[in-house]
Amino acid sequence: MPTVTEILETMEYGPAPEASGEVMAWLKARGTFGHYIDGVFTKPGKTFESINPATGAPLAKVSHGSAADIATAVRSARAAQPGWAKLPGHERAKWLYALARHIQKRERFLAVLETLDNGKPIRESRDIDVPLVARHFYHHAGWAEMLEDEFPGMKPVGVCGQIIPWNFPLLMLAWKITPALAAGNTVVLKPAEQTPLTALAFAEICAEIGLPKGVINIVTGDGETGAALVAADVDKIAFTGSTEVGRAIRKATAGTGKKLTLELGGKSPFVVFADADLDAAVEGVVDAIWFNQGQVCCAGSRILVQESVAATFQKRLSARLAKLRVGDPLDKSTDVGAIVDATQLQRIRDLVAEGQAQGAVLHQAEGQLPSAGCFFAPGFFTNVAPANIVSEVEIFGPVATLTTFRTPDEAVELANNTRYGLAASIWSENINLALDVASKVKAGVVWVNSTNIFDAGAGFGGYRESGFGREGGREGMHEYLTGPVPRAKPEAEPGRLDAAPVPGAASKGPAPIDRTAKMYIGGAQKRPDSGYSYAVIAKGREIGLAGLGNRKDIRNAVEAAHKAGGWGKATGHNRAQVLYYLAENLSAREAEFAQRLKSAGVPKPADEVATAIRRAFYYAAQADKFDGAVHSTKSAHVTLAMPEAFGVMGVACPDDAPLLGFLSLVLPAIAMGNRVVAIPAPSMPLAATDLYQVFDTSDLPGGVVNIVTGARDELAKTLAQHDDVAAMWYCGGPDGARMVEAESTGNLKATWCLANRDWHGAAGQGRDFLRRATQIKNIWVPYGE
Ligand code: NAI
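The following paragraphs examine the structure supplied in this document. (Residues numbered from 1 in each chain as written. Predicted model: local features only at pLDDT ≥ 70, side-chain atom pairs only at ≥ 80, totals over all residues. Heavy atoms only, no water.)

1. Brief notes about the overall build of the protein chain
We apply this condition: Segments assigned H or I by DSSP are reported as helices when at least four residues long, segments assigned E as strands when at least two residues long, and all are numbered from the N terminus. Contacts are assigned to residue pairs that have any heavy atoms within 4.5 Å of one another. All accessible areas in this document rest on Shrake-Rupley with a 1.4 Å probe, and a residue is counted as covered only by the protein chains that are shown.
Along the protein chain, the regular secondary structure elements total 28 helices and 33 strands. Residue pairs at least 24 apart in sequence account for 76% of intrachain contacts in the protein chain once pairs closer than 6 positions are excluded. When the accessible surface of the protein chain is split by element, carbon and sulfur atoms take 54% of a total near 29,400 Å².

Here you go:
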């Protein structure tokens, strides 16, 4: 027997497995699972096995949900929804509290079941996942309680289809279900085929507490089942998973009016500056990429280290790597568990091999792997070229890349050199430097001197191709509510529709360019690339010519908008001043604009200009007031929720109210720091192009507002497809809306397709416009020892 001194010298310790008897007995008793629909488990249909990836042993059989199962579940959710929404928030809160308590009662059971099904270490499921699950239920019980006060006038979306992945099975269920229920929605949830078991255990809890039937429905199955849910009669789809499937879902839901949130992949930077606490940063890597087998969408999988400390950091990283314990996930001292299944393991192996073939050098600790089961030795790559596959593609395994940088600017450039934008982790003892980089990194979540911290009180979600929408906190609640829906107003009177400006359709067809037919790009009037203009017709009479814009004009406008990046960095106060000035200059020309609208046959021209002026003052006022929050999350943490501009936005304006509709969309976007490429009302674009003088005299920097005239839907398509346009608003017909949503999948831009409305009224202005003109960056700053 070793002496105590010997033990302390080697720090060796024996196995400490968590007992799994209770869970195994439960699985044995259930044997084969049906779906949970309308408050009961259905008779099992066609089944597949859920496997323990650490051993390869089957755990249970679950049913493969068909389109008919999905339809039954959606009907049940639909039937239950009005009753659930009608309950006072306090009553819904009580149900959420009951679920929270029952989850807490079964914490150990759920953690063991999760670890068996997913392969993650019990330390993660027991100490992180399940407590967070309970926290989400408690937190959202609170939102249910306060719903009417906090979200006045808002309504639940209706029936929500939710599709979740295998990396945090129960936690993703909680992230999805809790805001939905709190807001008064009902749910059909499809867990991942690799990890359905904790969702089924959760269904048992719902049945046990007597949750009203139909409020939660759980249908198991694979991608086919998921696709059936996307196609079903639901009002919203919330999806977490791969970017590829996210794109398919965006396409499938285009034009359906289904609300959509996508939480997709990432390739998150982990930036270590020379003055960082290097040991803490090394532990950060353990948490960010190894401890969870790298199977986290926000894993800090690209480690960027400042050159002067790179050798030291790599040495310490290697030393820590050698000490990691890989093996039985149920063992309480295991650091790295199993990969979720053989397919994922193979995917990791292939990507790693390809990375090596492309010249990257893999560092792995030796001799750690169990002989059976789906395990992959954790490690990191050096010598990685930026174009190497492992630099670009999400590996979703316990392997990071390690590269160096010299200056903070280079760190930011490398950090942002990715299609994704889910998260970032920044390590420096210099708070000034850390926050400066946090502000410049394009990511939805930024952790300073920390990594992978989550809380129900803070939002989580990505920029760019990491998706759109947020989960958690107030931001997450918004995704499950709809505002007072303004009454849709028919767009414009017949004869003033898009068709008119298209070549050949106007009275004279495209005319050679006229000196007056100019667009506004980069702060200057520009002739259209086509060299053609179209006749603007009012009451059967030609009142002027407008440029017939094309793809090239849009591309030039996007480029000009990008060059005007300084607008986004200006303070809210600076932007407010320009907008006040703009409002004043528009007032000075009120009569002239009213006359112009009148001659174009626009109804209520004087009202339209007067309201447009007030709107300009309103958004000037908001420019330095629409701001973020400091969330109450973990102790010794400040969690800042900062609304940030998207960057360059595309805006396709309604045909109705050609001046007011244009300004109602463009002003909130620029008030928040965006630069805009706007397509004005095709039937009366002169109302918008006339504004160039107002813009010029108001000191609006060139490129902040760019106006391209022409056929709205053709131009909108180019904007929707443009990868350098980060967000797009479209106000037009349903066909155009479908087109914009379907064409925006390239860079997965956030889109807002809004119906034409009474622009004179309350629906034409407000905080909702500002909320949609921004995306929230959540920055976590720990303090204290
Ligand atoms: P996946 O995106 O295929 O699966 C996620 C969920 O979507 C599962 O429930 C699946 O059944 C469902 N699904 C699949 N195809 C669908 C469709 N056409 N319509 C509706 N639902 C569908 O992800 P998969 O294949 O499990 O993993 C592949 C890669 O995706 C991983 O290697 C990783 O890179 C990434 N991933 C990212 C996650 C994240 O949290 N962002 C989570 C899981 C995977």
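2. Some details on the sheet that holds strand S13 (residues 302-306)
Hydrogen bonds along the backbone pair up the strands of a sheet, which may run parallel or antiparallel. Filter applied, for reference: Strands qualify as paired when DSSP identifies two bridges or more between them. Think of each axis as a best-fit line through the C-alpha atoms, taken over the contacting stretch in the case of a helix, with angles from 0 to 180 degrees between the N-to-C directions.
Sheet architecture is open: ten strands sit in the order S14-S15-S16-S13-S12-S17-S18-S33-S27-S26, paired in mixed fashion. Here the strands that pair on one side only, and so sit at the sheet edges, are strand S14 (361-364) and strand S26 (629-631). In this sheet, neighbouring strand axes are inclined to one another by 25° on average, regardless of whether the strands run parallel or antiparallel. The strands touched by helix H16 (residues 431-440) are strand S17 (423-427), strand S18 (445-448), strand S27 (637-645) and strand S33 (774-782); relative to S33, the strand with the most contacts, the crossing angle is about 155°.

3. Some words on the pairing of strand S12 (residues 269-272)
To be explicit about the condition: For every residue, the accessible area obtained with a 1.4 Å probe (protein chains only) is divided by the maximum for its type, and the residue is called buried under 20%, exposed over 50%, and partly exposed between those limits. Throughout, right-handed denotes a crossover for which the path from the first strand over the helix to the second runs clockwise when the strands point away from the viewer.
The side-chain alternation of S12 yields two buried faces, one formed by Pro269 and Val271 and the other by Phe270 and Val272. Two strands pair when backbone bridges link them, and S12 and S13 are joined in this way by four bridges, in the parallel orientation. Bridge pairing in S13 links valine 271 to leucine 304. Considered for its hand, the β-α-β crossover made up of S12, helix H11 (residues 278-290) and S13 is right-handed.

4. Some thoughts on the pattern of salt bridges
Note the threshold: Each salt bridge in this description consists of a side-chain nitrogen of Lys or Arg and a carboxyl oxygen of Asp or Glu lying within 4 Å of one another.
Counted according to the given criterion, the structure contains 32 salt bridges. Between glutamate 559 and lysine 563 there is a salt bridge, and its shortest N-O distance comes to 3.9 Å. Highlighted residues: glutamate 559 and lysine 563, both in helix H18 (residues 551-563), separated by four residues, approximately one helical turn. A relative accessible area of 48% places glutamate 559 in the partly exposed class.

5. Considering the side chain of histidine 722
Operational definition: Polar contact criterion, stated in full: a pair of N or O atoms within 3.5 Å, where within protein one must be able to donate a hydrogen and the other to accept it, and residues adjacent in sequence count only if both atoms are side-chain atoms.
Its place among the elements puts histidine 722 in the loop between helix H26 (712-721) and strand S31 (727-731). Residue classification places histidine 722 among the buried residues on the basis of a relative accessible area of 15%. Polar contacts involving the side chain of histidine 722 include one to the main-chain amide nitrogen of aspartate 724, which spans 3.0 Å. Setting aside residues up to four positions removed in sequence, histidine 722 forms contacts with Arg555, Val558, Asn747 and Lys749.

6. Focus on the environment of proline 680
On the secondary structure map, proline 680 appears in the loop between strand S29 (675-679) and helix H24 (686-689). The buried category is assigned to proline 680, whose relative accessible area is 1%. Sequence separation between proline 680 and aspartate 655 is 25 residues; the distance between their C-alpha atoms is 7.7 Å. Not counting residues within four places of it along the chain, the set of residues in contact with proline 680 comprises Cys653, Phe662, Pro685, Ala688, Ile707, Val708 and Thr709.

7. Re the side chain of serine 698
Tracing the chain through its elements places serine 698 in the loop between helix H25 (692-697) and strand S30 (705-707). Exposure remark for serine 698: the relative accessible area of 0% places this residue in the buried category. Looking at serine 698, its side chain comes within polar contact range of the side chain of asparagine 585, at 3.0 Å. Residues in contact with serine 698, not counting those within four places in the same chain, are Val578, Tyr581, Leu582 and Asn585.

In short, shape yes, function no, at least from these values alone.
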